[in-house]
Amino acid sequence: MSSYPDDEEVVPFDGHAGSFPKDFGYGAFDGDTDVTLSTTNEQKPRILLMGLRRSGKSSIQKVVFHKMSPNETLFLESTNKIVKDDINNSSFVQFQIWDFPGQIDFFDSTFDSDMIFGGCGALVFVIDAQDDYMDALNKLNITVTKAYKVNQNIKFEVFIHKVDGLGDDFKMESQRDIHQRANDDLSDAGYDKIHLSFHLTSIYDHSIFEAFSKVVQKLIPQLPALENLLNIVNTNSAIEKSFLFDVVSKIYIATDSTPVDMQSYELCCDMIDVVIDVSWIYGYSVKEEQETTAFDEQSSSLIKLNNGTVLYLREVNKFLALVCILREDNFDHKGVIDYNFLCFREAIQQVFELRNKHQSMTNSSSPVINGKNIHGDGHVNSNFIDETN
Ligand SMILES: Nc1nc2c(ncn2[C@@H]2O[C@H](COP(=O)(O)OP(=O)(O)OP(=O)(O)O)[C@@H](O)[C@H]2O)c(=O)[nH]1
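Residues numbered from 1 in each chain as written. Predicted model: local features only at pLDDT ≥ 70, side-chain atom pairs only at ≥ 80, totals over all residues. Heavy atoms only, no water.

*Asks:* Can you walk me through the nonpolar core in this structure?
*Replies:* What tends to happen in soluble globular proteins is that the nonpolar side chains get buried as a cluster. Formed by 63 residues in total, the largest nonpolar core has its most connected members in Ile47, Phe212, Leu244, Phe245 and Phe344. Other than its neighbours up to four places away in sequence, Leu244 contacts Leu226, Leu230, Ile251, Tyr252, Ile253, Ala254, Val316, Leu320, Ala321, Leu322, Phe344 and Ile348. The next biggest cluster of nonpolar side chains, apart from the first, holds 36 residues, and it includes Leu48, Phe100, Phe111 and Ala182. (Core = buried A, V, L, I, M, F, W, Y, C linked by side-chain atoms within 4.5 Å. Buried < 20%, exposed > 50% of the residue type's maximum accessible area, 1.4 Å probe, protein only. Contact = heavy atoms within 4.5 Å.)

Structural data, given as structure tokens:
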């Protein structure tokens, strides 16, 4: 099975709050670091993880992207250096995560906010919901306003985190209160235009994967095209719900336009685990010298549930899987579903090619590839067969 490259880059930090070494790039860059950031890495969207100490930033990063089990995070040491993590597992999901120490001081003269926030795609601010959150709200306000001044395109995502320890009523009440206070603080400071998105998260269930899926999706310019393709597959194959999964992280990079319910998402995540585990045990590589992978072009799986529902998984490429939920009765036309899947896979391939060719192109343009139009609204001309006819 493919796994994330172990390319975490730990930057030494002298331990003083708010003081950052120059070679990290907060102050003047030295030549080497500057080159790294301004070339290939610079093109990758950057996601910043910020929040007070012990709010759970490193745990989130480790659980979602490094397969750490939630219980192991109890032993994580406090981050006193900035950790840059390259996420390279698929052509769509390519970004850097920067995990910041909780004690960061934006007013320190060595903090280069232009450099930090300038190339940032999303800023995830983590609030510990099990703790008093007043300090966290102050820090959120300072962080967001500072970042917005530098870069107005940043997506601000607030994770109301560690909600596993809270009852349902308290959870909802905390979310309402945090939402209200955070927005009031921004209006008082004259920043009504800043939009904050809120997510209730915990590393002990799927909520953190779901929240991160939504953060990552906002950084994928091709999202409308992907959603539209999934809608077409669903309509023509009588599928109720479909997710395009990044197999390693189990974040979904796109789904159709029907609402996501947590149970369906969890079922699909569990299915990926089952497929990978079974493949590891019973899969084999044809040639011994070939690198064995648990997920390859042969990967597909069908699980029939006792409530008349079918889960169907197909490999899209080395990193992505399509997982669909449909009624068992509608699975009679498996041939048509498989044919439509092949059309879907081909279309996805074209989106990938387009992305590679035109890295800088946004989805507002209407390029033509292989004689098929991919329009800015995500409409893709395709050859799907309508099973419902
Ligand atoms: N109950 C619960 N505990 C969590 C959750 N996420 C993290 N924790 C715990 O919170 C503690 C702090 O987590 P860290 O990930 O080290 O926090 P951090 O924000 O990186 O801390 P600093 O590095 O000091 O800034 C650890 O003991 C984690 O096990 C969660 O979703 N639920």
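*Asks:* In this structure, what is going on with helix α3 (residues 57-66)? I would like to understand it.
*Replies:* Residues spaced three or four apart along an α-helix face the same direction, because each turn holds 3.6 residues. Counting buried positions along α3 gives nine out of ten residues, so the element sits mostly inside the fold. Of the positions making up α3, those classed as buried are Lys57, Ser58, Ser59, Ile60, Gln61, Lys62, Val63, Val64 and Phe65. Within two residues after α3, Lys67 carries a phi angle of roughly 60°, on the positive side. (Helix = DSSP H or I, 4+ residues; strand = E, 2+ residues; numbered from the N terminus.)

*Asks:* Please clarify how helix α5 (residues 134-150) should be interpreted in this entry.
*Replies:* Here α5 spans 25 Å end to end across 17 residues, near enough to the 24 Å set by a 1.5 Å rise per residue. Against β2 (46-51), α4 (113-118), β5 (120-128), β6 (155-161), α6 (168-188) and β7 (196-200) lie the buried residues of α5. (Expected span 1.5 Å × (residues − 1).)

*Asks:* Explain the packing of aromatic side chains here, please?
*Replies:* Given two aromatic rings, one states the distance between the centres and the angle between the planes to describe the pair. Applying the stated rule across the entire model yields twelve aromatic pairs. Ring centres of Phe65 and Phe95 lie 5.7 Å apart, and the angle between their planes is 80°; this geometry places the pair in the edge-to-face category. In this pair, Phe65 sits in helix α3 while Phe95 sits in strand β4 (residues 95-99), placing the two residues 30 residues apart along the sequence. We note that Phe65, like Phe95, is buried. Taken together, Phe65, Phe95, Phe159 and Phe212 form an aromatic cluster joined through their ring pairs. The lysine or arginine in question, Arg46, covers the ring of Trp98, its NZ or CZ lying 4.1 Å from the ring centre. (Phe/Tyr/Trp six-rings, centres within 6.5 Å; stacked < 30°, edge-to-face > 60°. Lys NZ or Arg CZ within 6 Å of the ring centre and 35° of its normal.)

*Asks:* I'm lost on the environment of Glu77 in this one. Help?
*Replies:* Along the chain, Glu77 falls in the loop between α3 and β3 (83-87). Taking the relative accessible area as the measure of exposure, Glu77 reaches 70% and is therefore exposed. Taking the C-alpha atoms as reference, Glu77 lies 53 Å from His333; in sequence the two are 256 residues apart.

*Asks:* Can you walk me through the confidence of the model for the protein in this structure?
*Replies:* With 75% of its residues at a pLDDT of 70 or more, the protein shows a mean pLDDT of 78. Confidence, expressed as mean pLDDT per element, reaches its minimum in the protein at helix α1 (residues 31-38) with 26 and its maximum at β6 with 96. Low pLDDT (under 50) marks residues 363-382, which in the prediction has 44 contacts with non-local residues, meaning those over four places away or in another chain. The complex prediction reports pTM at 0.78, with the ipTM value standing at 0.98. (pLDDT = per-residue confidence, 0-100.)

*Asks:* Mind showing me how you'd approach the site of the ligand here?
*Replies:* Close to the ligand lie 20 residues; Ser58, Ser59, Ser78, Thr79 and Asp164 are nearest. Note that an oxygen atom of the ligand is positioned 2.9 Å from one of the backbone N or O atoms of Gly56. Take Ser59: an N or O atom from its side chain is 2.5 Å from an oxygen atom of the ligand. When the free accessible area of the ligand is taken as 650 Å², the share hidden by the protein chains comes to 92%. The biggest single contributor to the shell around the ligand is α3, with three residues. Each residue belonging to the shell around the ligand can be placed in one class, and the counts come to four nonpolar, eleven polar and five charged. (Near = heavy atom within 4 Å. Polar contact = N/O pair within 3.5 Å; in protein donor to acceptor, adjacent residues only side chain to side chain. Areas by Shrake-Rupley, 256 points an atom, 1.4 Å probe, with all protein chains shown as cover. Nonpolar A, V, L, I, M, F, W, Y, C, P; charged D, E, K, R; others polar.)

*Asks:* Is there a simple way to explain the pairing of strand β10 (residues 300-304) in this structure?
*Replies:* Each regular strand displays side chains that alternate between the two surfaces of the sheet. As paired elements, β10 and strand β11 (residues 309-315) share five bridges and run antiparallel to each other. Each bridged residue has a counterpart across the sheet, and for Ile303 the counterpart in β11 is Leu311. Joining the antiparallel neighbours β10 and β11 is a turn of four residues, in which Gly308 adopts a positive phi near 80°. (Pairing = 2+ DSSP bridges.)

*Asks:* Got a minute to help me understand the packing of α5 against α6 in this structure?
*Replies:* Axis angle and axis distance: for two packed helices, these are the angle between their axes and the distance between the axes, and together they describe the pair. Where α5 contacts α6, the axes come no closer than 10 Å and their chain directions differ by 45°. Judged by the angle between their axes, α5 and α6 are oblique. Pair α5 / α6 crosses with right-handed handedness. Along its contact with α5, which presents Met134, Leu137, Leu140, Asn141, Val144 and Thr145, the element α6 presents Ile178, Arg181, Ala182, Asp185 and Leu186. Its residues assigned to classes, the contact of α5 with α6 shows seven nonpolar, two polar and two charged. (Axes fitted to C-alpha atoms, helices over the stretch in contact; angles between N-to-C directions. Parallel < 35°, antiparallel > 145°, perpendicular 65-115°, else oblique. Left-handed = near helix turned anticlockwise from the far one by under 90°.)

*Asks:* Honestly, the pairing of strand β9 (residues 251-255) in this entry has me stumped. Any pointers?
*Replies:* For β9, the buried fraction is high: five of the five residues fall into the buried class. Across four bridges, the pairing between strand β8 (residues 241-246) and β9 is antiparallel. Within β9, the residue paired with Phe243 across the bridge is Thr255. The turn joining β8 and β9, which pair antiparallel and follow one another in sequence, is formed by four residues; a positive phi near 60° is taken by Lys250.

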